Amino acid sequence: MIFIIGRRLTVGNIFSYFLKPIVVLCFITSFSSLTLFGQVKEASISGTIREKVSNESLSFVTVAIRTTTDSTLIGGTITNERGLFTVDKVKPGDYLIEVSFIGYKKYLSTLYVGSNSEYLDLGVITLEEDVQQLDEVVVTGQRDAVTGAMDKKTYSVDDNVSQSGGSVLQAMNNLPGVTTQDGQVQLRGNSQVVVLIDGKQTAITGFGSQNGLDNLPASAIDEIQIINNPSAKYDANGNAGIINIVLKKEEQKGFNGKVGLSTGLGALWVRKDNLPGIRPQYQATPKINPSIALNYRKKKVNLFLQADNLYTETLNRNEFVTRTYDDGTVIDQQLKRNRDTNFFTSKVGMDWFINDQNSLTISGFFSQESIKDYGDQPFFSRNTGENLRLWQFLEDEVLTAAMASVAYEHKFEQPGHKLNVGFNYTFDREDEKYFFTNTRPSVTTEESFFLIADQKVADFTLDYTKPMKHGLLEAGIKFRRRAIPTDMQFNPSTTNSVLDTGADGLATYKETIPALYGNYTYEVKKLEAEIGMRLEYVDLQYDVDPNHNTYQSDGYDYLQPFPNARLTYKLNDRNQLSAFYNRRVDRPDEVDIRIFPKYDDAEIIKVGNPALQPQFTNSFELGFKNGWNNGYFYGAGYHRISEGTITRAATTVGTSNLIYNISQNAGNSYNTGFEVVISQEISDKVNMNLNLNGYYNQIDAFTVVNQYPIENTFTAVQQDVYSGNIKLNANFKFSKSTEAQLTAIYLAPDIIPQGTIDSRFSIDFGVKKSIQNGKGELFLNANDLLNTMVIRKEFKGNNFSYTSTNYYETQVMRLGYSYKF
């Protein structure tokens, strides 16, 4: 049985883990400011003017917004026939609002415009009849800096020069607070992240566990939003936070668009030679990414189309493993995957602006991802030199997804006061065929298995938003119905089969989630507060084929509240302090529950667990932001407590060398750490950004009973680790048309299920040039410029241990061109 091991940092080796990499990176480069904390740059001010005695609406009343220092006019308007007024494009700060009308006393009051809401409703203002005007009121005060709530960070993909032309996962790799591991994105060292596309969960990025990010082309993306402390408006799933991917969409009048083409090469040289007797590794792997975005808007109709295709060949995995058993047996092995991938994505739709108050958007999203893995896995005895096994396979997988969306928006007369109704229906199919040849010293067998899983998801949402004088009220409901029938078919050889022929068959995952929420944000000059509650009911049923040799049908249900709170105090116009609280859940996804053994590794077999339960997390965070003329400092300390942590328990059974990796709920786990972002504009040619993230992870000791392949008990001792990462970026502007970006990343040793992962380091570089009067753009970049990103892991069991080193493809050179019209 495997135990998770950790490493503690002593005072003596803190330098090795954190300070030494900082010194190294500082000699290499400095980094650019990519981050824009969630904030509003301009707001619309609205209200209603009425007569004090009769309460009748007053039309043609003059409304003016003036500065407090010298009464300079910032903006103004007159009321309509219903007494309503709107003043647009008012920047955050302190103002005077002046309301005047012939025959009435002038109304004059202070007005504070915050940075959390783009709409501010002043409610009803009453005017009193009087032939005399009020004396002039003079109010003095300082204007607050434009600051955000520190709950969201937004990054423009176009500014990410060093990752242009790659996948979304690669584009995220150099964002502050984000790391990537095994094809998944992590926030502050935690992979329990919900990934949205345009604010919605999709089959492309996963309704539960994230997927597809390593192949989704970044050329389709406008911006990436990171939300560490989501409000009640968002689904409660994902304790580490939410990443929202915003697709490109133009709304300019007339016909316009953008076309692009990028190409590249990876795996430019062999970093480690193969073990004997297997097919060559991929080298000089090609990449090509054409893209097109079209938009046509005329009068009340806006038509849009976005299409991208990313074809890549990659050395997806090249892992060398040494397994050592207590009886003295030592096995050397290699797992090599040459991968061909083609990922096509498209979005088409129509916006219909029915009138000033009502609009309807109908859109469709289609994607198809085709993956072919050509794999070799040889096993050698270090004791005798004997070739114990050669496992060669072809994994042919096609993932097809289609989503239809209808969104209706009604705008009330007051700006920002609106009702949104949406319906999304998603169908996606996972069609996997796996063929393998298992060659042993005395026998060779050819076998296969086929898997088809059809996912159907229906989402209905209703969201209501109303600006208030000092804040914003949000409320809504959501209903989800999700079903995934799965059919696994094993095709064993007549003799010496390695397939567990009683473990295939049928299973169906069924999930029903109704939820309602309310969220209120309050803001005055010195104080911001937010409080929300999401009430969620979940009914999950997993129906198992009664002929399955191990598992039976199971499931769970719960009715749980998920509160959130934020309090921000503005110390002065440059400094603010925020405190956050969140309660969230991580529901087991279908792949965590899936009962069918997966044989994509000859001697490590992954199996799900239909008895898996949700993991609940309470999160606390304290943040501080200090701004100055050419930069800012942002720091946050956080602490998370999770109950029923979802992990995998890897164990051997009996005298077999096979390792069974089973989904299980561990005990409580804890994640405590800090995040620092320092941004500085050195000059009009250079700006820098440094991101530090350090954390301590702990999982309590636990004991569970595995059902597969036979009932057995797994016990793990307490495990903990100190870890973190450092990212240093620099953006250089050589001229009005030429920019460059250099990114350096250091990841400290960290804890993973059943072991640890060693430190990693990489440098990325990119340059882009604007041509053709700003309509065209060329870029050239390189990922892992020095080819230093290697994944080293260690695992420990009660009767064996093993180490692995993965020399997979990380170094890629890309060249691209795009043109706007």
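Along each chain, residue indices are assigned from 1 in the same order as the chain's sequence is written. In keeping with the model being predicted, local features are shown solely for residues with a pLDDT of at least 70 and side-chain atom pairs are shown and tallied solely at 80 or more, while totals for entire chains, interfaces and linings include all residues. Hydrogens are left out, water is left out, and the side-chain values use all remaining heavy atoms of the structure.

(A) Region of the structure containing the overall build of the chain. Helix and strand assignments come from DSSP, with helices taken as H or I runs of at least 4 residues and strands as E runs of at least 2, each series counted from the N terminus. Within the chain, the regular secondary structure consists of three helices and 46 strands. The C-alpha atoms of the chain give 29 Å as radius of gyration, which agrees with the globular expectation for 821 residues (28 Å, within 12%). Principal-axis analysis of the C-alpha atoms places the extent of the chain at approximately 110 × 60 × 55 Å. Categorising residues by exposure relies on relative accessible area from a 1.4 Å probe, with only protein chains included: less than 20% of the type maximum marks a residue as buried, more than 50% marks it as exposed, and the intermediate range marks it as partly exposed. By residue count, 54% of the 821 residues in the chain fall in the buried class. Counted over contacts in the chain with a minimum sequence separation of 6, partners at least 24 positions apart contribute 70%. Note on areas: Shrake-Rupley, 1.4 Å probe, and residue coverage restricted to the protein chains presented here. On the chain, roughly 33900 Å² of surface is accessible, and the fraction owed to carbon and sulfur atoms is 56%. Charged side chains of the chain number 80 positive and 93 negative; the gap between the two group centres comes to 5 Å. With the radius of gyration taken over C-alpha atoms, the globule rule is written as 2.2 Å times the number of residues to the power 0.38. Contacts were defined at the residue level, with two residues in contact if any of their heavy atoms lie within 4.5 Å. We score Asp and Glu as negative and Lys and Arg as positive, and we do not count His or the chain ends. The atoms used to mark charge sites are NZ of Lys, CZ of Arg, CG of Asp and CD of Glu.

(B) Representation of the pairing of strand β15 (residues 241-247). In terms of burial, β15 is largely enclosed, as seven of its seven residues are buried. Going residue by residue along β15, you find G241, I243, I245 and L247 tucked away on one face and I242, N244 and V246 tucked away on the opposite face as well. One bridge is not enough; two strands pair if DSSP finds at least two bridges between them. Judged from the five bridges that link them, strand β13 (residues 193-197) and β15 form a sheet pairing that is parallel. When the sheet's bridge partners are listed, I197 is paired in β15 with I245. When strand β14 (residues 221-227) meets β15, the two strands line up antiparallel, connected through six bridges. The partner of I227 across the bridge, within β15, is I242.

(C) How the structure looks around the environment of Y581. If you trace the backbone, Y581 turns up in strand β28 (residues 575-586). Spatially, the C-alpha atoms of Y581 and A565 are 5.1 Å apart, while their sequence positions differ by 16 residues. Setting aside residues no more than four positions away along its own chain, Y581 makes contact with P563, N564, A565, N618, S619 and F620. Separated by 2.6 Å, the side chains of Y581 and N618 make a polar contact. For the purposes of these results, a polar contact is taken to be a pair of N or O atoms within 3.5 Å, where, inside protein, one atom must be able to donate a hydrogen and its partner to accept one; residues adjacent in sequence count only when each atom of the pair is a side-chain atom.

(D) Local environment of the sheet that holds strand β29 (residues 604-607). An order of β29-β33-β32 is seen for the three strands of this open sheet, with the pairing classed as mixed. Single-partner strands in this sheet number two, and they are β29 and β32 (646-651). Across the sheet, the mean angle separating the axes of adjacent strands is 30 degrees when strand polarity is ignored. Both β29 and strand β33 (residues 659-665) contribute to a ladder of four bridges, which runs parallel. Note on β33: the bridge partner recorded for K606 is N661. Each axis is a line fitted through C-alpha atoms, and for a helix only the stretch in contact is used; angles between axes span 0 to 180 degrees, taken between their N-to-C directions.

(E) Representation of unusual backbone geometry. Note that the residue after Y708, namely P709, is joined by a cis bond; omega there is -5 degrees. Unlike most non-glycine residues, N773 shows phi in positive territory, near 60 degrees. Residue position: N773 is located in the loop between β42 (760-771) and β43 (776-783). Relative accessible area serves as the criterion here: at 84%, N773 is assigned to the exposed category.

(F) Examining a nonpolar patch on the surface more closely. Like-charged residues within 9 Å of one another, or nonpolar side chains (Val, Leu, Ile, Met, Phe, Trp, Tyr) within 5 Å, are grouped into patches, provided each residue has over 30% relative accessible area and no salt bridge. In what follows, salt bridge is the name for a side-chain nitrogen of Lys or Arg lying within 4 Å of a carboxyl oxygen of Asp or Glu. Among the surface-exposed residues, I362, V406, F423, Y425, F427, F460, I477, F479, L516, L535, Y537 and L559 lie close enough to one another that they form a single nonpolar patch of about 1000 Å² accessible area. When contributions to the nonpolar patch are tallied by element, the ones reaching two or more residues are β22 (418-439), β24 (471-491) and β26 (527-544). Top contributing element to the nonpolar patch by residue count: β22, with three residues. Considering the arrangement of structural elements, one finds F427 in strand β22.

(G) How the structure looks around the pattern of salt bridges. Under the definition given, this model contains 42 salt bridges. D332 is paired through a salt bridge with R382; the nearest N and O atoms lie 2.8 Å apart. Here D332, found in strand β19 (residues 330-353), pairs with R382, found in the loop between β20 (358-381) and β21 (387-411); they are 50 residues apart in sequence, far enough to count as distant. On the accessibility criterion, R382 (52% relative accessible area) is exposed. A salt bridge links E395 to R337; the shortest N-O distance between them is 3.1 Å. Of this pair, E395 sits in strand β21 while R337 sits in strand β19; the two residues are 58 residues apart in sequence, bridging distant segments of the chain. There is no split in this pair, since E395 and R337 are both buried. One salt-bridge network, held together by shared partners, links R337, R339, D373, E395, E432, K598 and D600.

(H) Region of the structure containing empty space enclosed by the protein. Only protein atoms enter the calculation, which uses a 1 Å grid: trapped sets of points that fit a 1.4 Å probe without letting it out are cavities, open sets showing protein on both sides within 12 Å along at least five of seven lines are pockets, and any residue with an atom within 4 Å of a point is a lining residue. Grid points are joined across faces, edges and corners, and a volume is the space filled by probe spheres set on the points. Tallied over the full model, the rule gives 13 cavities of 30 Å³ or more. Roughly 330 Å³ of volume is contained in the second largest cavity. A total of five residues in the lining of the second largest cavity trace back to one element, the largest contributor, which is strand β16 (residues 254-266). Here the term charged refers only to Asp, Glu, Lys and Arg, the term nonpolar to Ala, Val, Leu, Ile, Met, Phe, Trp, Tyr, Cys and Pro, and the term polar to all other amino acids, Gly among them. A class-by-class count of the residues in the lining of the second largest cavity yields eight nonpolar, nine polar and six charged.

(I) Quick peek at the side chain of E523. Mapped onto the elements, E523 comes out in strand β25 (residues 505-523). We classify E523 as buried; its relative accessible area is 10%. Those residues in contact with E523, other than ones at most four positions away along the chain, are Y112, G114, S115, N116, H470, G471, E528 and K570.

(J) Highlighting the nonpolar core. Membership of the largest hydrophobic core comes to 52 residues, with the highest contact counts inside it found for Y599 and Y708. For this core, the element with the most residues is β26, which contributes four residues. If near-sequence neighbours (up to four positions away) are discounted, Y599 is found in contact with W391, Y434, F449, F490, V498, L499, D500, I605 and Y708. What we call a nonpolar core is a set of buried Ala, Val, Leu, Ile, Met, Phe, Trp, Tyr and Cys residues that are connected through their side-chain atoms within 4.5 Å. Y155, L213, A240 and F343 belong to the second largest nonpolar core, which has 32 residues in total.

(K) Structural context of the sheet that holds strand β8 (residues 107-113). Taken together, four strands build an open sheet; the order of strands is β5-β4-β7-β8 and the sheet is antiparallel. Strand pairing shows two members of the sheet lacking a second neighbour, β5 (73-78) and β8, which therefore form its edges. When strand polarity is set aside, the average angle formed by the axes of neighbouring strands in this sheet is 20 degrees. For strand β4 (residues 62-67) and β5, the ladder comprises five bridges, and the chain directions are antiparallel. Counterpart to V63 in the pairing with β5 is T77.

(L) Representation of the packing of aromatic side chains in the model. The pairing test for Phe, Tyr and Trp rings, Trp by its six-membered ring, is centres within 6.5 Å, and the orientation test on the planes gives stacked under 30 degrees, edge-to-face over 60, and tilted for anything in between. Counted under the stated rule, the structure contains 25 aromatic pairs. With a centroid separation of 5.9 Å and 70 degrees between ring planes, the pair formed by Y660 and Y708 is classed as edge-to-face. With a gap of 48 residues between them, Y660 in strand β33 and Y708 in the loop between β36 (702-706) and β37 (712-716) connect regions that are remote in the sequence. Classification of Y708 as buried rests on a relative accessible area of 2%. Aromatic pair Y696 and Y722: ring centres 4.7 Å apart, planes at 45 degrees, arrangement tilted. With Y696 in strand β35 (residues 686-699) and Y722 in strand β38 (residues 719-733), this pair connects stretches of sequence that are 26 residues apart. Take Y722: its relative accessible area is 33%, and that puts it in the partly exposed class. Among the aromatic side chains, those forming a connected cluster through ring pairs are W391, F393, Y434, F436, F449, F490 and Y599. Sitting above the plane of the F450 ring, K433 keeps its charged end 6.0 Å from the centroid. Geometrically, a charge over a ring is one whose NZ (Lys) or CZ (Arg) sits within 6 Å of the ring centre while staying within 35 degrees of the ring normal.

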